[in-house]
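Letter by letter, the chains look like this.
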Amino acid sequence: MKAGPSQEEIRRHNLGTLLRHVHIGGSMSRAVLAERMGLNRSTILGLVSELGSAGLVREELPRDTGRAGRPSLVVRPESDRVYVLAFDVGVDRLAAARIGLGGVFLERREMSLAPGRRDAGTVAEILAGAALEMVGTVPRGTHCVGVAAAVRGMVRRPDGLIRAAPYLGWEDEELGEDLRLRLGLGLPVSVGNEASLGALAEHLRGAGRGCQDLVYLHGDIGIGGGVITGGQLLGGDCGYGGEIGHMVVNPRNGRPCGCGSRGCLEAEAGERALLEAARRDPSATGREAVRAVVEAADRGDIIARAALHDAGDWLGIGVANLVNVLNPRTVIFGGTLREVFLGSAAQIRSRINRLALMSSRENLRLRVGELGDDAVLVGAAELAFSEILVGPLETLARTGAQPVQKRDRHEGRSSSGRLVEREDFA
């Protein structure tokens, strides 16, 4: 007979679960935590005390309760003390952020990326420089527990090798290792696909909160995608799952795509196709150029309207295919596709209604992303936080953080040595 989990494994599991609840859900009382985790209050007290002694959470009075009487204390993540570094590698811009536990943006830097400075080494140098400037100003006692980067390309798991990033001209680049060496923080750097991380972000903190099955479409110079199924990010065999932009929707007369194929969704409905159809200056690319087309269509520009109609037509075909194959509850449009969807929603819905199976689309919701331009950075931060949410105390020890010794003001005794195990495993 296989032995069940040990008390130490149960404790480790519970610490991670509790930390994840306050990281994703925000401040909540011990009573709420006990209900959500299926544990008794004394066990929750012990877990909160351990995480508090480690400097990961704190208990305090809630803000603006609006109720009479003494309110219950709430457990909050220590956002100012524990943080990660998150990077977003775009084709024409770079972003770096210091994001605290609980998903709080503490600092952010954004840099333009000139065409002649898109090699991986230069990108790593720029990002590391921005990150070290931010780290150099943090208060004493503040600790970095993870680093992650999002890239517009195909990223192999688990080593984070960027197999191909066509718009950057990259092939088999080890950006994560380069960043690790340049940062010198003693932390590995995780790397993920930008649309997959955007899907994770919208699932946890945006338009997909509470939805266990969703598809996220991200528009940039191309079209990326991420799939959440059963509450988990779909990665595929090597991590390349979710390359929705390279679903072929027009094989017979399709436009050439950067991947070498023809008629991909990205080639038919992406930025270049939209701007070409709208007869825009070929050199005027990027987010502002796409938004200019949508705004022109809103003002009655016939050519811009026709371009948006075509883009919506192809997007609708692509989404209909996804609905038939994956049966998502929600499809979210992010990046520049947010604006494209708002300008062509009727056409997209029309195609879905004609091409998707009625049983698969009857509960379908189409949404725009709530996180805006921050979605990819938020997703990268969640990737960087993933280890500490599994093993909080082990991750702190591995990253060199020192525990915070403090007195439990409610119980009148030291909380650093208190350890309470739960009775059952759930």
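The structure we're discussing is the one just above.
Values in this document were obtained by computation on a predicted structure and should not be read as measured data.

A. Summary view of the overall build of the protein chain. Across its full length, the protein chain carries 14 helices and 18 strands. Here the C-alpha coordinates of the protein chain stretch approximately 75 × 55 × 50 Å along the principal axes. Expressed as a percentage of its 426 residues, the buried residues of the protein chain come to 53%. For the protein chain, contacts bridging at least 24 residues in sequence account for 65% of all contacts bridging at least 6. For the protein chain, the accessible area works out to roughly 19,500 Å², and carbon and sulfur atoms hold 48% of it. Charged side chains in the protein chain number 53 positive and 53 negative. The centres of these two groups are separated by 5 Å.

B. Unusual backbone geometry, seen in detail. With an omega dihedral of 5°, the bond running from Arg157 to Pro158 counts as a cis peptide bond. One can find Pro158 in the loop between strand S8 (154–155) and strand S9 (162–165). Notably, Asp172 is not glycine yet its phi reads approximately 50°, a positive angle. In this structure, Asp172 sits in strand S10 (residues 170–173). Its relative accessible area of 40% is what places Asp172 among the partly exposed residues. Of note, the phi angle at Asn327 is positive, near 50°, even though the residue is not glycine. In this fold, Asn327 is placed in the loop between helix H10 (302–326) and strand S15 (330–335). Residue classification places Asn327 among the partly exposed residues on the basis of a relative accessible area of 44%.

C. Empty space enclosed by the protein, seen in detail. Tallying each qualifying case throughout the model produces two cavities of 30 Å³ or more. Contributing to the lining of the largest cavity are Gly153, Met154, Val155, Asn193, Ser196, Gly225, Gly239, Tyr240, Gly241, Gly242 and Glu243. The residue inventory of the lining of the largest cavity, partitioned by class, reads three nonpolar, seven polar and one charged. Gly219, Asp220, Gly222, Ile223, Ala269, Gly270, Glu271, Leu274, Val290, Thr336, Leu337 and Val340 together form the lining of the second largest cavity. Broken down by secondary-structure element, the contributors of at least two residues to the lining of the second largest cavity are helix H8 (271–277) and helix H11 (337–355). Of the residues contributing to the lining of the second largest cavity, the split by class is six nonpolar, four polar and two charged.

D. Representation of the layout of surface pockets within the structure. Size it by volume and the largest pocket reaches roughly 990 Å³. Surrounding the largest pocket, 35 residues form its lining, Leu197, Leu200, Leu233, Leu383 and Ser386 being those nearest its centre. Those elements giving two or more residues to the lining of the largest pocket turn out to be helix H5 (175–183), strand S11 (189–193), helix H6 (194–205), strand S14 (232–233) and helix H13 (375–390). Residues of the lining of the largest pocket, tallied by class, amount to 13 nonpolar, 15 polar and seven charged.

E. Focus on the sheet that holds S10. The strand order across the open sheet built from three strands is S8-S9-S10, with neighbouring strands paired in antiparallel fashion. Either end of the sheet is taken by a strand with one partner, and the two such strands are S8 and S10. Both S8 and S9 contribute to a ladder of two bridges, which runs antiparallel. Residue pairing across strands places Met154 opposite Ala164, the latter belonging to S9.

F. Focus on the packing of helix H1 (residues 7–25) against H13. One can describe the packing of H1 onto H13 by two numbers: an axis separation of 7 Å at closest approach and a directional angle of 140°. Residues Arg12, Gly16, Thr17, Leu19, Arg20, His23 and Ile24 of H1 touch H13, and the partners they reach there are Glu382, Phe385, Ile388, Leu389 and Val390. Residues of the contact of H1 with H13, tallied by class, amount to six nonpolar, three polar and three charged.

G. View of the environment of Gly4. Relative to the assigned elements, Gly4 resides in the segment before H1. A C-alpha to C-alpha distance of 41 Å links Gly4 and Leu106, two positions 102 residues apart in sequence.

H. Representation of the nonpolar core in the model. Counting 40 residues, the largest nonpolar core has Leu217 and Phe333 as its most contacted members. Every element with two or more residues in this core is listed here: strand S12 (214–219), strand S13 (223–229), helix H7 (265–269), H8, helix H9 (287–298), H10, S15 and H11. When residues of this core are assigned to their parent elements, the largest contribution, eleven residues, is made by H10. Apart from the residues within four sequence positions on either side, Leu217 is in contact with Ile223, Gly224, Ile244, Val319, Leu322, Val331, Ile332, Phe333, Gly334 and Leu337. Leu56, Leu101, Phe385 and Leu389 belong to the second-largest nonpolar core, a separate cluster that totals 39 residues.

I. Summary view of H11. Here H11 spans only 21 Å end to end across 19 residues, well under the 27 Å set by a 1.5 Å rise per residue. Along H11, the sharpest change in direction is near 80° and occurs at Ser344. Listing the buried residues of H11 in full gives Leu337, Glu339, Val340, Phe341, Ser344, Ala345, Gln347, Ile348 and Ile352.

About the thresholds
Residues numbered from 1 in each chain as written. Predicted model: local features only at pLDDT ≥ 70, side-chain atom pairs only at ≥ 80, totals over all residues. Heavy atoms only, no water. Helix = DSSP H or I, 4+ residues; strand = E, 2+ residues; numbered from the N terminus. Buried < 20%, exposed > 50% of the residue type's maximum accessible area, 1.4 Å probe, protein only. Contact = heavy atoms within 4.5 Å. Areas by Shrake-Rupley, 256 points an atom, 1.4 Å probe, with all protein chains shown as cover. Lys, Arg positive; Asp, Glu negative; His and termini not counted. Charge placed at Lys NZ, Arg CZ, Asp CG, Glu CD. 1 Å grid on protein atoms, 1.4 Å probe; cavity = no way out; pocket = protein on both sides within 12 Å on 5 of 7 lines; lining within 4 Å. Points joined across faces, edges and corners; volume = space filled by probe spheres on them. Nonpolar A, V, L, I, M, F, W, Y, C, P; charged D, E, K, R; others polar. Pairing = 2+ DSSP bridges. Axes fitted to C-alpha atoms, helices over the stretch in contact; angles between N-to-C directions. Core = buried A, V, L, I, M, F, W, Y, C linked by side-chain atoms within 4.5 Å. Expected span 1.5 Å × (residues − 1). Bend = angle between axes of the 7 residues up to and from the residue.

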